[in-house]
Amino acid sequence: MYSRIVATGSYLPDKILTNKDLESIVDTTDQWITERTGIKQRHLAADNQSTCDLAEQAVRNAFESADIDPQSIDLIIFATTTPDRVFPSTACLLQQRLDIHGCPAFDIQAVCTGFIYALDIADKYIKTGAAKRALVIGAETLSRIIDWSDRSTCVLFADGAGAVILEANEEQGILSTHIHADGSFSDLLTTNASITGVNNIGKVHIGMKGNEVFKKAVNTLGAIVDETLEANNMQKSDIDWLVPHQANIRIINATAKKLKMPIEQVVITVQNHGNTSAASVPLALDTAIRDGRIKRGETLLLEAFGGGFTWGSALIKY
Ligand code: ACO
């Protein structure tokens, strides 16, 4: 039994912040941001929009695309680092919005790798027969935890949501998933505050040693590509599409180079979306499915790296 992707959806809030706009907020330039990150613009949630609001739009978008009855969902896994509340989980808040009752619903917090972690868990539920139709979401309102006076981070992160619906099927779907973590790197990419108040320094915001994160991300993603191909006895040339976490165009290029993959076979949305953390991979996936680039039967390699550090991949026959 496999879990197959039967529908995808995504949502980006209306408000767009360009690099030019950022020039009037911090000491930066469009040229610096473009050259160092590949980002040209990003979407930001409206003041009254929460992570669950963005997710609901993405999920409804997914349901519509495949005409699936929400009542048939028997598992909800929601990857986010910016939940609406400490509890109930954003998965439960979303479940209530969808008028679904009774099925398990929970959040996963693995920062930018959150969606891959959620996919890994949903796949295992389906493979063991514990679920038949799972809703997997990655959604963030990272703009709420950005220090808008810190030019080294505020130009990177953004808001958005993506969702997939997985179904138990005898046809090939998710071929394998691989997830990892190493907490000894927790200080390189972190927040300065917690809701318990322990070690709090001011209002919660993202802090990052960008250069060190960059180097570790490039090496780690190179290794997970090898691990994924080896586990499936596949060659680099067997991959039709790389769907990477959209953090930085230079990290994406390095992974594509490692795979000897022409850049035309890499889904790149970082220029329009910025880094939307757990939402970035499902947003990129939905974009390339809807614009017709990714077709049924093709082999996709999804990968991500993020705070924790956490990292992971999924090899999928779409
Ligand atoms: N505008 C202009 N100058 C800037 C800006 C900015 N927005 N930000 C930093 N600088 C300056 C720095 O102050 C520094 O100046 P100095 O040389 O006078 O000290 C100079 O630019 C170079 O800074 P570096 O940090 O060395 O620049 P680098 O080339 O490493 O690029 C970047 C920084 C883009 C953050 C890069 O390190 C990166 O992308 N790292 C990975 C970050 C990442 O992907 N994080 C997320 C992964 S995990 C996740 O998604 C949560």
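1. Quick look at the sheet that holds strand β13 (residues 310-317)
- Reading across the sheet, the four strands line up as β8-β13-β12-β11 and stay open at both edges, with mixed pairing between neighbours. Every interior strand has two partners, whereas the edge strands, β8 (174-181) and β11 (241-244), have only one. Shown here is a sheet whose adjacent strand axes are inclined to one another by a mean of 10°, direction ignored.
- In the sheet, β8 pairs with β13 via seven bridges, with the strands oriented antiparallel.

2. Let's talk about the sheet that holds strand β4 (residues 75-79)
- The strand order across the open sheet formed by five strands is β1-β7-β6-β4-β5, and the pairing between neighbours is mixed. Two strands close off the open sheet at either side, each with one partner strand: β1 (2-11) and β5 (105-108). Each strand axis lies, on average, 20° off the axis of its neighbour in the sheet, ignoring direction.
- Direction of pairing for β1 relative to strand β7 (residues 159-169): antiparallel, over a ladder of nine bridges. Looking across to β7, one finds that I5 is bridged to L166.
- Taken strand by strand, helix α3 (residues 51-66) contacts β1, β4, β6 (133-141) and β7, and its axis lies near 120° from that of β1.
- Packed on one face of the sheet, helix α4 (residues 90-97) meets β4, β5 and β6 and runs near 140° to β5.

3. Some thoughts on the site of the ligand
- Every one of the 23 residues lining the ligand counts as a neighbour, but T28, R36, C112, N248 and N275 are closest to it.
- With respect to the ligand, the side chain of W32 contributes an N or O atom lying 3.4 Å from a nitrogen atom.
- For the ligand, an oxygen atom lies 2.7 Å from a polar atom in the side chain of H245.
- Elements that contribute at least two residues to the shell around the ligand include exactly α2 (30-37), α6 (151-154), α7 (210-231), α8 (249-258) and β12 (299-306).
- When residues of the shell around the ligand are assigned to their parent elements, the largest contribution, four residues, is made by α7.

4. Considering the packing of aromatic side chains
- One pass over the structure, following the stated rule, counts four aromatic pairs.
- Residues F305 and F309 carry aromatic rings whose centres are separated by 4.7 Å and whose planes lie at 55° to one another, so their mutual orientation is tilted.
- According to the relative accessible area criterion, F305 is buried, its value standing at 6%.
- Through successive ring pairs, a cluster of aromatic residues spans F185, F305, F309 and W311.
- A cation over a ring is seen here: R296 above Y318, with NZ or CZ 3.9 Å from the ring centre.

5. Digging into the domain arrangement of the protein
- Domain annotation of the protein identifies domain 1 (2-170) and domain 2 (175-317).
- Distance from the C-alpha centre of domain 1 to the C-alpha centre of domain 2: 14 Å.
- Listed by partner, the interface residues are 58 residues for domain 1 and 48 residues for domain 2.
- Summed over both partners, the interface of domain 1 with domain 2 comes to about 3900 Å²; 62% of that surface belongs to carbon and sulfur atoms.
- Summed over the three residues of domain 1 that lose the most area to domain 2, namely C112, I116 and I145, the buried surface amounts to 16% of that side.
- Remark: the boundary between domain 1 and domain 2 carries zero salt bridges.
- The interface formed by domain 1 and domain 2 holds 23 residue pairs in polar contact (both at pLDDT 80 or more) in total.
- With nine residues, helix α5 (residues 114-127) is the largest single contributor of residues to the side of domain 1 that touches domain 2.
- A per-class count over the side of domain 1 that touches domain 2 returns 26 nonpolar, 18 polar and 14 charged.

What counts, and at which threshold
Residues numbered from 1 in each chain as written. Predicted model: local features only at pLDDT ≥ 70, side-chain atom pairs only at ≥ 80, totals over all residues. Heavy atoms only, no water. Pairing = 2+ DSSP bridges. Helix = DSSP H or I, 4+ residues; strand = E, 2+ residues; numbered from the N terminus. Axes fitted to C-alpha atoms, helices over the stretch in contact; angles between N-to-C directions. Contact = heavy atoms within 4.5 Å. Near = heavy atom within 4 Å. Polar contact = N/O pair within 3.5 Å; in protein donor to acceptor, adjacent residues only side chain to side chain. Phe/Tyr/Trp six-rings, centres within 6.5 Å; stacked < 30°, edge-to-face > 60°. Buried < 20%, exposed > 50% of the residue type's maximum accessible area, 1.4 Å probe, protein only. Lys NZ or Arg CZ within 6 Å of the ring centre and 35° of its normal. Domains from an automatic or database assignment. Buried area = accessible area lost by both parts, 1.4 Å probe. Salt bridge = Lys/Arg side-chain N within 4 Å of Asp/Glu carboxyl O. Nonpolar A, V, L, I, M, F, W, Y, C, P; charged D, E, K, R; others polar.

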